[in-house]
Each structure stands twice: as structure tokens, then as C-alpha cells.
Amino acid sequence: MDEDNSPLVKAEPGDDSDQQSDETESCIKDMLQEMQSKERVKRPQAATVPASIAPATAVPEQSTPQEHDENSFYNVHSDKPQSLKMCTGELDIVLEPKLAGPVYNAANLTLDRALLNRADMWHQVIVHHGNGCTRQKILEALFGSYSYCDFFPVAYRRHANADFFLLRMCSQVLLKMFEEGLQLKAGSMTLPISVRLGAARFHTGQIFPRQTITKAVQERCDNAAQYGDIAVLNLDSFAEHASLRELCVYLGNRAQFEVVCSAIAQAMDGNACISRLRLANNDISHMSLLAALKDTKLISLDLRGNRIKHPSSLRLLKDIPLVELYVEGNNLTDVPDYEKIIRSFFPNLLKLDSNLTQTVTTKAVRDDAEEEEEVEITSPGTVITEADLNPGAFQKYNITPHWHKVTVHHNGVCNKQDILDGLFHLLGKHAFYPCYYKTYSKQDEFLVQNCFEALLFLVKQKLKLPIPAYNTVLKLALAMNVAEASDTDVQPLRKLERFVNKRFKLGCLDLCSMQDELNECKVVDFCAKSPSTLAYMLEFAARKYGNSCLVLRLRNNDLRNCAALESLSKFYKLVSLDLRCNALSKISDLQGIPWNNITELFLDNNPLCGTMRSSVEYVRKVRQYFGMLQQLDGRTLLGNFTYCQNYLCTPEAYKFAESFVKHYFALFDSFQRGDLQELYHPKAQFSMTCDFDIERSGQQLDAQLDRQVSYAQHSRNLLQFKDSLDRAVSKLIVGNERIGYVLTSFPKTEFDFCSFRIDVPVFTPERVMITVHGRMHEDEVSALGQVSYIGFTRTWYLQPCGMGTNLFHDAIEYKIHNDMLHMYSMTVEGNDAFGGRNEATPVAENGMDTSMQSDDSDRENAMIVFKELTQLNRAWCKRCLEESSWNLKVALNIFLKLYESKRIPKIAFKDDIP
């Protein structure tokens with residue numbers, strides 16, 4: 001064999017053995033055939049490509065070297081020069097240990113930074129594995145640790161005891177290695193690392209990683225037909241490209257993928273035929289870099305078999321007019337409704353994986369709703385673990401403007417809402433706005449910015465999150481400074497400001513039932529009852545509307561205290577405050593309200609109302625916080641103040657009684673009244689009494705008497721049956737089926753929930769007793785234009801009967817064992833507990849009249865605004881508004897005309913007489 005034909009094996013002096021030459025020649029030929037066979041297998045369309053056609057950058061056969069012996073032992077401390085033959089044709093790299101710096105290891109971490117930063121030097125990294133870790137696992141650990149750094153390992157060589165590779169112009173990776181003590185975590189193993197700086201000199205003609213990657217992409221583009229289709233740029237399993245064998249390519253590394261994306265854009269710009277891109281099986285996770293292709297003619301993108309975690313990261317590609325998209329084999333497919341999320345980003349998408357999609361109509365973005373870009377994590381950040389939970393050391397993050405990542409490890413126990421509820425409950429006093437929330441099967445993660453106090457509190461809590469609903473504690477993890485902030489990122493406070501502006505109209509700031517609308521905010525999650533969130537909204541409103549806001553509504557927000565209402569003192573003209581239907585449980589929950597000029601307050605339908613022993617005590621305690629108060633819960637404070645409220649034996653019974661009463665009477669009023677029998681025990685007892693005067697006569701009362709008879713036939717008034725107790729016993733209805741039959745025989749009714757007074761004298765784990773006093777009217781009478789109320793008192797005795805199923809978890813199931821009902825006649829007006837409302841109106845779920853909630857509130861606001869603008873007393877304000885059908889603009893015009901014509905007497909401007 002001629003010596004020139006063997007680039008790797010050179011004849012030593014005195015070595016003239018023909019047998020050895022024959023064996024060497026045979027070995028080389030076998031290796032060449034094996035390498036060519038491997039290359040044909042690696043190509044996606046190898047079976048259809050003629051053997052005579054080779055890529056433009058194919059390495060000549062005669063230059064293919066023999067691989068080194070992977071079973072050999074590598075001597076780290078050897079000072080002999082070593083020539084690394086490049087199988088891809090570049091100039092050899094010669095390692096010269098004598099000219100290099102010392103070998104650094106865990107015992108020697110003081111490096112030469114000047115030598116580290118030299119661009120004309122190769123640095124050698126040696127990973128000691130003792131044959132206990134494969135090359136694949138070592139590379140996965142390396143790229144996993146330095147996925148955000150410039151990392152281009154060259155000339156990777158495998159040995160029995162250690163592997164090594166070369167780096168150039170990758171100083172950030174080397175610095176991180178030294179910072180981590182020259183140790184590499186590979187799964188459960190920790191591998192020691194040695195570094196030799198300046199191990200070899202760089203010469204022109206040696207491998208240049210970025211240029212090599214760019215040429216490989218261009219080769220695939222120029223020979224697209226050989227790789228499957230002339231219109232497809234096929235970069236499937238790109239790391240296996242023949243020209244990249246001396247370069248460790250991993251497109252999960254941001255720097256490497258950035259080079260590839262730039263090369264793709266350049267190649268597609270020079271080849272008009274390419275309109276499809278295949279990037280399958282490349283471990284890709286950084287989507288923002290593909291945005292460089294937005295100006296190309298790309299219509300199809302294959303991202304199968306990568307490491308894309310969440311579909312929201314594809315939002316960064318929304319400017320690419322994709323028609324086809326393939327994402328199978330990514331973790332994002334585990335996210336619920338991932339297809340719907342992806343389609344929202346690509347309105348022209350016709351095919352998603354194997355499914356044909358429907359065109360999505362894009363909604364025009366409002367002028368006041370800015371479109372935020374997805375924040376891409378560009379750094380692994382500084383991970384805060386249990387060993388780093390030092391509040392003092394954590395102070396260094398106080399002034400950083402960057403994004404921080406919070407990871408919640410839940411192992412599938414809790415859902416997103418449970419986690420958010422726990423976080424907001426724990427951090428209610430601190431500004432905390434989770435952004436870009438992503439849900440996974442075992443953990444959730446989100447980003448926060450400018451929330452240092454909240455994060456510091458979590459650190460002080462040892463990064464533990466209690467979830468009371470599941471009686472568990474979740475572990476948190478913080479990664480600080482994972483991404484830089486930009487102007488295109490979401491601005492939570494700006495969203496709150498837009499929300500406040502939208503809710504202010506005609507002197508009224510309506511912040512009722514905020515949570516539903518806040519849930520519609522994209523990218524960021526808010527909590528309406530969070531003191532910090534509400535405090536910021538009111539502070540902003542005070543700055544902008546403090547001199548014009550007359551009415552503030554805060555109904556149905558589940559507020560548990562008034563700590564967020566400190567800004568009320570800056571609403572200089574505020575006269576009315578609505579806090580109805582919240583969760584204020586005691587009078588001290590009003591603490592935090594500053595001195596104010598409020599004259600009208602609504603507190604009804606809060607648990608605190610049931611804690612008052614008398615109306616006098618109620619008014620006296622409320623006036624401690626509202627000194628100028630004139631009206632409370634819609635009633636003028638004149639003399640003795642009366643109100644209707646529930647009385648419960650214990651606060652824990654409040655929600656139980658409320659839920660049961662609503663459910664029972666809602667079924668009773670519906671067409672499904674027969675379902676009530678399921679609420680009764682099979683041996684339950686039901687008895688009723690009534691005192692209707694059915695002996696009266698008169699043609700006009702026949703229809704009403706007929707309806708009363710339907711009740712009276714089941715009455716078992718013992719006073720009437722004192723001479724015949726057997727008849728009284730026969731009137732006792734036993735069994736849930738018989739009870740259901742009797743209840744369905746009653747006329748169709750509608751209960752006035754606003755008239756209810758509820759008492760729970762017994763509330764123990766073994767038994768519950770609930771009593772309800774109220775009124776109802778019959779639908780048949782209402783249909784005729786008449787109003788006839790019937791009063792009732794009903795008492796249930798309930799006992800647990802086992803475990804049932806709630807929406808999210810198991811719950812104790814109760815059955816009615818005894819039901820006693822008493823009915824009696826009322827006057828036409830009845831005992832109207834809510835301001836003379838004589839007609840039956842719909843009742844909402846919270847027990848409040850829906851028409852009263854809307855119409856009456858609007859009239860209250862109109863009255864307050866009109867009175868403030870005109871200075872008329874209440875009687876004249878009401879007169880003007882009634883004449884204008886409660887249209888504020890029309891009423892103001894009427895007032896101006898009357899005022900200009902001097903037809904308004906002076907008494908109309910005098911204050912209302914108490």
C-alpha cells in the first residue's frame with residue numbers, strides 16, 4: 001500500500017512488515033465502506049437517491065481518516081503533542097501541552113482570564129467519566145447546562161477513562177464551568193472536569209463552527225431534491241449531517257440555533273423554490289429565533305420531535321403566514337386545548353399535524369388594547385434552592401428590572417386556579433401579577449417582574465405554598481433574571497388602568513363583579529379581591545377621577561377587609577359607597593377606611609350584618625367609620641333603624657344554609673320540582689299546617705279558594721283534630737316518594753328570596769336544623785295581573801348519609817329527615833322588606849333581585865349625580881328625574897329650562913328635612 005494513500009497511518013522507520021500493511025489496508029477499506037453506508041442511512045431519502053450523486057460538500061474518499069481507538073486510555077498529564085485529524089477535511093488541530101497553560105481542576109480554580117479570552121487559541125475541556133457515562137449522556141448534560149451560551153464543542157474524542165473536546169471563543173461557558181467548581185451533573189452522577197487553556201493554536205483553514213453550520217444548511221438547500229423535495233429545505237436530524245461530524249451540533253442551544261435560523265433565511269432568500277422547512281428531531285426549544293423567517297415565503301413548518309414545552313411559545317411566529325404546521329412529538333401536545341391555542345396564532349392555518357383546520361376569524365385589536373409579545377427565556381437565570389434561602393442575600397435582586405420565573409411543583413394534585421388562589425391568599429398584601437402562565441402535567445410555571453417584596457416573602461416562607469383546599473403544601477422554585485424586560489412585554493399595571501377607565505361613567509366608578517372581566521385579560525392573571533390589586537386601581541382612580549367621582553360600587557368582589565380602601569380620602573366628592581354582597585364578616589373588617597364625606601352606604605348581604613344584636617348597634621358601629629352617614633342599606637337614618645338579616649348559630653353555617661336554601665327553593669320554583677324527593681331520606685316525614693279561612697264565600701274568591709284547598713287538604717293542625725288523633729296521624733306524610741308527590745301537587749309558585757329570614761339553631765357534624773321565614777306568590781295569580789302573597793315558615797332537620805361527589809372533590813351528603821311547613825295569608829302588599837316592591841321580580845343567584853340590582857342602582861346613581869350638579873333637594877331631584885323617565889341628560893335640560901324661567905322655588909334648594 002502506498003504511503004500517500006493512508007493519511008492517518010504513516011509507516012514508521014524499520015516497519016516493513018507486508019502482513020501489517022495488508023491488515024492496515026484492509027482495515028481502512030472496511031472503515032470507508034462502513035462510513036459510506038452510515039451516511040446513506042442518515043439521509044432521509046437514501047433509498048431513492050442514486051449512488052452516483054453526492055452532496056456538494058461531500059468529503060473525498062481518500063481524505064477519510066481512521067477513527068481513534070475509543071477504548072484507549074487518555075493521559076491527561078502527557079506533554080507530548082497530539083495531532084487531531086479532521087474527518088471533514090479541515091486542517092488538523094495540534095495539541096501542544098508544553099505551550100499551554102496548567103491543567104485546571106476542582107482544586108485549582110484560579111484561571112488566567114487573558115488567556116481565556118484569546119481568539120487565536122483552542123481550549124481543551126476534559127470530562128472524566130471512568131467509563132461510567134456514555135458520550136450521549138455527557139453531551140446532553142453539557143448542552144442542558146449551557147443551553148443559553150455560545151457553545152460549539154469541536155473535535156470530540158472518546159476514551160476509556162475520559163472524553164475531551166475543544167472550544168474557541170466560548171469564554172462564557174468556560175467561566176460558568178469554573179463558577180460551578182469544574183463539575184458536571186449528569187443525572188445522578190457528578191463528573192469532574194479538567195480544563196487546559198491555550199491547548200492549541202488556531203490557524204486559518206481549521207474548522208470554524210458558525211461557518212461550518214452555515215455551509216451545511218446551504219448544502220441541504222442546494223441539493224433539496226436529493227433530500228426529498230425541491231421545495232423542502234430538509235434539516236431533519238441536522239446534527240447527523242456528514243460535514244458536521246467534527247462539530248457537536250445541538251439545536252436546543254440558543255447560539256447554535258441562531259446560526260441555523262440565519263443560514264435558513266439566507267438560503268431561502270437565494271432559492272425561490274423553497275417554501276417548506278423541515279426541522280424535525282432537533283431538540284429545538286427556542287422559538288423566537290425562527291421569527292427571522294417572517295419575510296420569507298415559508299408556508300409549511302415541520303417541528304415534530306422537538307422540545308417545545310408550551311403552545312404559547314409559537315405566538316412568536318405569528319407573523320409567518322403558515323398554512324401547514326406539524327408539532328407532534330413535543331411536550332406542548334400535553335397542554336389542554338393546544339390546537340385551539342395554536343390556531344389563534346395562525347388564522348390562515350389549514351393543516352395542523354394530520355388534522356385539517358378551520359380558518360379562524362381574527363378579531364381587530366382595540367386601540368386601547370396593546371398586543372404584547374411573548375417573553376422568551378434567554379438565560380437559565382440564578383436558581384434559588386432551599387440551600388440559598390437567605391433573605392439577606394436575596395436583597396441583591398431588589399433593583400433588577402428583569403423577568404423572574406416561578407415554578408410550582410404540584411405533581412398533578414392541583415389545577416391552575418387552586419395554585420393562583422393559594423398564591424393570592426398568601427401574597428395578598430404584596431404586588432404580585434403572574435404573567436405568561438403555562439400549565440404542565442407535573443408542574444406549572446409563570447414569570448413575574450417588579451414583584452420583589454412578594455418574592456422575598458416566598459423566600460422567607462422557605463418556598464412553600466399551602467393549598468388549604470387540598471390540605472397540602474407545594475414546593476416552589478425561583479429562577480432569577482431569566483429574561484430581560486422590553487417595551488413589548490405585558491404591562492400588568494397598564495391593563496388595570498385601562499380597566500378602571502372603562503368602568504368609569506357619569507360620575508360613577510363601577511367596580512362590581514370585577515373577576516369575570518379580569519379573567520379575560522390575556523397573558524396576565526389578576527385577583528380582584530387582592531388588596532394590592534384593588535389598592536392600585538383605587539389609587540389610580542383617585543388621581544384621575546378624584547374630583548369627579550360621586551359613586552363607587554364594589555359589589556360581588558368577595559372582599560374580606562377594607563385595607564385597600566385607603567385612597568377613599570382622595571375621592572373628594574364621593575358621597576355613595578356600595579359594598580354589598582362581599583365577605584365582610586365582622587365590623588373590624590371596615591378598618592382601613594379613612595375619614596370621608598360619604599353619606600350613603602350599602603353593606604347588606606355581608607356576613608357582618610348577622611353579627612349585630614340590634615339595629616341601634618349596627619348603626620352606631622358603622623358610623624365609627626362613616627361619620628357623615630345619612631343613609632344605610634337604602635334607608636334614611638331617622639330614629640329607629642330596622643333591617644332584615646339572617647341569624648346563624650355559627651359563621652360556618654352561613655354558606656351551608658345559603659347553598660341549601662337556594663338549591664331547595666330553586667328546584668321548587670322550577671319545572672323539576674319532582675327532583676326534590678331525592679333530597680329526602682327514604683323514611684323522611686313531612687307535615688304541614690295552614691290557617692287559610694276557606695269557609696269564606698264569594699264568586700271573586702273561588703279561584704283563590706281552590707288553590708288554598710290544595711294546601712289545606714294536607715294540613716294536620718292538631719287543634720282541629722284533637723278529637724280524632726287518627727286523622728292527624730293519617731295526614732303525616734312518610735317516605736320521599738309520597739313527599740315528592742305532595743310537593744308536585746301544589747300550585748306553581750315563585751319565592752321572594754329577598755324576604756327570607758334564615759335561622760340555624762343547630763349545626764353539628766351529626767345534625768343540622770334550618771328554619772326559613774318568608775313569602776311567595778303564585779304564578780297563576782300573577783298572570784292575571786294580581787299580586788297575592790302567602791307567608792310561610794319552614795323547618796328542616798338534616799343528617800349526613802354518606803359521601804357524595806362535589807365538583808372537584810368528595811363531600812358529605814345530607815338528607816332531609818323531617819320537614820315542617822306552616823302557611824298563612826298575607827295582605828296584598830305583604831311584609832315588603834325591600835322598600836315597597838309590590839310586584840314579583842326575578843331573583844338572582846345571590847338572593848338579590850336582578851332588576852333591583854340594575855335599575856335601582858342606576859336610579860341611585862342618577863339621583864346622586866343630579867343632586868350634586870343641581871343642588872336641589874331629594875324631592876325635587878326625584879320629581880325632575882321621574883318626569884324625564886330617569887334619563888339624566890333630559891332631566892338636566894328640564895332643570896335648566898325651569899331655572900332660566902325662574903319656575904323653581906327657593907324651597908327646592910333647601911336640604912331635606914330630617
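Residues numbered from 1 in each chain as written. Predicted model: local features only at pLDDT ≥ 70, side-chain atom pairs only at ≥ 80, totals over all residues. Heavy atoms only, no water.

To keep things clear, this is the line we draw: UniProt positions are given in the numbering used here, feature names are shortened, and annotations may be inferred rather than shown by experiment.
Looking at an unreviewed UniProt entry, the chain carries the name NTF2 domain-containing protein, with the source organism given as Anopheles coluzzii. According to the UniProt record, the Subcellular location (unreviewed entry) comment for the chain is "Nucleus". UniProt, in the comment section headed Sequence similarities (unreviewed entry), describes the chain in these words: "Belongs to the NXF family."

Details of the overall build of the chain
Definition in use: A run of DSSP states H or I qualifies as a helix once it reaches four residues; a run of E qualifies as a strand once it reaches two. Both are numbered from the N-terminal end. Per-residue accessibility, obtained with a 1.4 Å probe over protein chains only, is compared with the maximum for each type, and a residue is labelled buried under 20%, exposed over 50%, and partly exposed between these values. Two residues form a contact once any of their heavy atoms are found within 4.5 Å. Exposure was quantified through the Shrake-Rupley algorithm and a 1.4 Å probe, taking into account, for residues, occlusion by the shown protein chains and nothing else.
Summing up its helical and strand segments, the chain has 22 helices and 35 strands in all. The burial tally for the chain puts 47% of its 914 residues in the buried class. Looking at the chain alone, contacts between residues at least 24 apart form 70% of all its contacts between residues at least 6 apart. Carbon and sulfur atoms make up 49% of the accessible area of the chain, which amounts to about 46,600 Å² in all.

Details of the pairing of strand S19 (residues 464–467)
Keep this limit in mind: Here, any two strands with at least 2 DSSP bridges between them count as paired.
Side-chain alternation along S19 places Leu465 and Ile467 on a buried face and Lys464 and Pro466 on a face that remains uncovered. With 4 bridges connecting them, S19 and strand S20 (residues 472–483) associate as antiparallel partners. Within the sheet, the bridge partner assigned to Leu465 lies in S20 and is Leu474. In sequence, S19 turns back onto S20 through a hairpin of 4 residues, with Asn471 there showing a positive phi of about 50°.

Notes on the packing of aromatic side chains
What counts is decided by this rule: Aromatic rings from Phe, Tyr and Trp, with only the six-membered ring used for Trp, were paired whenever their centres fell within 6.5 Å, and each pair was classed as stacked if the ring planes differed by under 30 degrees, edge-to-face if by over 60, and tilted otherwise. Only when the NZ of Lys or the CZ of Arg is both within 6 Å of the ring centre and within 35 degrees of the ring normal is a charge said to sit over the ring.
Taken as a whole, this structure holds 34 aromatic pairs when the rule is applied. For the pair Tyr156 and Phe165, a centre-to-centre distance of 6.0 Å together with 10° between the ring planes defines the contact as stacked. Of the two residues, Tyr156 and Phe165, both sit in the buried class. Note on Phe665 and Phe792: the rings are 5.7 Å apart at their centroids and 55° apart in plane angle, and the pair reads as tilted. With a gap of 127 residues between them, Phe665 in helix H15 (residues 653–669) and Phe792 in strand S34 (residues 789–805) connect regions that are remote in the sequence. Accessibility assignment for this pair places Phe665 and Phe792 in one class, buried. Members of the aromatic cluster, joined through ring pairs, are Phe660, Tyr664, Phe665, Phe668, Phe751, Phe756, Phe792 and Trp796. The ring of Trp122 has Arg168 lying over it, and the distance from NZ or CZ to the ring centre is 5.7 Å.

Some remarks on the nonpolar core
To be explicit about the condition: By nonpolar core we mean a set of buried residues, namely Ala, Val, Leu, Ile, Met, Phe, Trp, Tyr and Cys, connected to one another through side-chain atoms within 4.5 Å. Note that the domain bounds reflect an automated or database-derived domain assignment.
In this structure, Leu314 and Leu325 are the most contacted members of the largest nonpolar core, which totals 99 residues. No other element matches helix H6 (residues 254–269), which puts 10 residues into this core. There are two domains that each give this core at least three residues, and those are domain 1 (82–201) and domain 2 (209–356). With sequence-adjacent residues up to four places away left out, Leu314 is seen in contact with Met287, Leu303, Leu325, Val327, Leu332, Ile342, Phe345 and Phe346.

Comments concerning the environment of Arg794
Condition: Counting of polar contacts relies on pairs of N or O atoms within 3.5 Å, with two restrictions inside protein: one atom must be capable of donating a hydrogen and the other of accepting it, and residues adjacent in sequence are counted only when both atoms are side-chain atoms.
With respect to the helices and strands, Arg794 occurs in strand S34. When near neighbours in sequence (up to four residues on either side) are disregarded, Arg794 contacts Tyr664, Phe668, Tyr680, Phe686, Leu743, Ile770, Thr771, Val772, Asp819, Met820 and Leu821. A distance of 3.0 Å separates polar atoms of two side chains, one belonging to Arg794 and the other to Tyr664.

As for unusual backbone geometry
In the Ramachandran plot, Ala155 falls in the positive-phi region, its phi being about 55° despite a non-glycine side chain. With respect to the helices and strands, Ala155 occurs in strand S5 (residues 154–157). A positive phi angle, near 55°, is found at Asp633, a position not held by glycine. With respect to the helices and strands, the residue Asp633 is situated in the loop between strand S26 (631–632) and strand S27 (635–636). Note on Asp633: relative accessible area 18%, which makes it buried.

Re the environment of Leu478
Relative to the assigned elements, Leu478 resides in strand S20. Counting along the chain gives 31 residues from Leu478 to Leu447, while the straight-line C-alpha distance between them is 9.8 Å. If we ignore the near neighbours within four places in the chain, the residues touching Leu478 are Thr382, Val383, Ile384, Phe394, Lys405, Val406, Leu455, Val459 and Leu463.

Brief notes about the pattern of salt bridges
Note the cut-off: Here, a salt bridge means any side-chain nitrogen of Lys or Arg that lies within 4 Å of a carboxyl oxygen of Asp or Glu.
Per the stated rule, a full pass over the model turns up 27 salt bridges. For Arg157, the salt bridge identified is with Glu246, shortest N-O distance 3.1 Å. Residue Arg157 is located in strand S5, and its partner Glu246 is located in the loop between strand S9 (232–234) and H6; the two are separated by 89 residues in the primary sequence. Across this residue pair, the class does not change: Arg157 and Glu246 are buried. Of the charged contacts, one joins Arg794 and Asp819 as a salt bridge, the two residues approaching to 3.0 Å between their closest N and O atoms. Residue Arg794 is located in strand S34, and its partner Asp819 is located in strand S35 (residues 810–825); the two are separated by 25 residues in the primary sequence. Given a relative accessible area of 0%, Asp819 falls into the buried group. Within this structure, Asp236, Arg278, Asp302 and Arg304 form a network of salt bridges that share partners.

Quick word on the sheet that holds S26
An order of S21-S22-S23-S24-S25-S26-S27 is seen for the 7 strands of this open sheet, with the pairing classed as mixed. This sheet does not close on itself; its edge strands, each paired only once, are strand S21 (504–505) and S27. As judged from the 3 bridges shared by strand S23 (residues 551–553) and strand S24 (residues 576–578), these two strands associate in the parallel manner. Within the sheet, the bridge partner assigned to Val551 lies in S24 and is Ser576.

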